[in-house]
Amino acid sequence: MKKAWPYVTPGIPDDLFIRGSIPMTKEEIRAVTLAKARLGPGQVVWDIGSGTGSIAIEAARLIGDGIVYAVEQKPAAVELIRENMRRFDQKNIQVVEGRAPEALLPLPPPHRVFIGGSGGQLGEIVRLLAERLAPGARLVINALTLETLTRSLALLGPPWEKEVVQVSVARTVSRGHYHLMHALNPVWIITAQKEGDEGGG
């Protein structure tokens, strides 16, 4: 089966994913999010609140023989993840249907974690990660709202070292013979690392 996107670089065009009505991280935000995670071969990755699976699929392409656990509680989103896995012929993803943090308990400890959605359980998830992650492991949270940003920063005290960047993206749209810039919602990308040596695969 020919892959829908043959290139290695992150930032697969949005229109190549099957989306339905499930929100999806835009390709420019996705590229920065993946870069902040510092992915490498052989890593175990959790993608919590995986949605369409766009982050999971891009991460899986970057970790070689590693594995991504795409954790999602919505049945419609779970089916979209599986459809996109088939579309991109991505086999090193395991879909975990369930609600975090309970669905995380049987999984092997990760080197990298993405949180795109928490179902209102962000505090419980971060506390579990503080216990499960090895020193040097990295966590990347995408926050669309000020409430998620402030909640994340309040939760990420010791043993976390953290940074925050805000990414604002504008894309061209055509209006007759003219082109205008259309702004997308800004996103805060919160990166936290457990104190210690850099985690790897």
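Keep in mind the model is a prediction, meaning the values are calculated, not measured. (Residues numbered from 1 in each chain as written. Predicted model: local features only at pLDDT ≥ 70, side-chain atom pairs only at ≥ 80, totals over all residues. Heavy atoms only, no water.)

Enquirer: Can you help me understand helix H5 (residues 146–155) in this one?
Expert: Side chains that are three or four residues apart share a direction in an α-helix, a result of its 3.6 residues per turn. When we look at burial in H5, the residues that qualify are Leu149, Ser152 and Leu155. Taken down its axis, H5 places every buried residue within 135 degrees of arc, on the same side. Turned more than 90 degrees off the buried face of H5, the exposed positions are Leu146, Glu147, Thr150 and Ala154. Against the buried residues of H5 lie helix H4 (122–132), strand S5 (138–143), strand S6 (160–167) and strand S9 (187–194). (Buried < 20%, exposed > 50% of the residue type's maximum accessible area, 1.4 Å probe, protein only. Helix = DSSP H or I, 4+ residues; strand = E, 2+ residues; numbered from the N terminus. Arc of directions from axis to C-beta. Contact = heavy atoms within 4.5 Å.)

Enquirer: Explanation requested: the sheet that holds strand S2 (residues 67–72) in the structure shown.
Expert: What holds strands together in a sheet is hydrogen bonding between their backbones, with the strands either parallel or antiparallel. What the seven strands build is an open sheet, ordered S3-S2-S1-S4-S5-S9-S6; its pairing is mixed. Two strands in the sheet have a free side with no partner beyond their single neighbour: strand S3 (93–97) and S6. Sheet twist, expressed as the average angle between the axes of neighbouring strands with direction ignored, equals 15 degrees. Both S6 and S9 contribute to a ladder of eight bridges, which runs antiparallel. Counted as the bridge partner of glutamate 161 is glutamine 193 from S9. Its contacts with the sheet put helix H3 (residues 75–87) on S2 and S3, and the angle it makes with S3 is roughly 170 degrees. (Pairing = 2+ DSSP bridges. Axes fitted to C-alpha atoms, helices over the stretch in contact; angles between N-to-C directions.)

Enquirer: In this structure, what is going on with the pairing of strand S8 (residues 178–183)? I would like to understand it.
Expert: A regular strand places its side chains on the two faces of the sheet in alternate fashion. Along S8, only zero of the six residues are buried, which leaves the element largely exposed. Summarising the sheet, strand S7 (residues 170–175) and S8 pair through six bridges and their orientation is antiparallel. Opposite serine 174, over in S8, you have histidine 179 as the bridge partner. Where S7 hands over to S8, the hairpin turn is made up of two residues, of which glycine 176 adopts a positive phi near 65 degrees.

Enquirer: Is there a simple way to explain the packing of helix H1 (residues 27–37) against helix H2 (residues 54–62) in this structure?
Expert: How two helices sit against one another is set out by the angle between their axes and by the gap between those axes. Viewed as axis vectors pointing N to C, H1 and H2 meet at an angle of 50 degrees, and their least axial separation amounts to 11 Å. Classified by the interaxial angle, the pair formed by H1 and H2 is oblique. Judged by the twist between their axes, the crossing of H1 over H2 is right-handed. Where H1 approaches H2, its residues Arg30, Thr33 and Leu34 are matched on the opposing element by Ser54, Ile55, Glu58 and Ala59. Class assignment of the residues belonging to the contact of H1 with H2 gives a composition of three nonpolar, two polar and two charged. (Parallel < 35°, antiparallel > 145°, perpendicular 65-115°, else oblique. Left-handed = near helix turned anticlockwise from the far one by under 90°. Nonpolar A, V, L, I, M, F, W, Y, C, P; charged D, E, K, R; others polar.)

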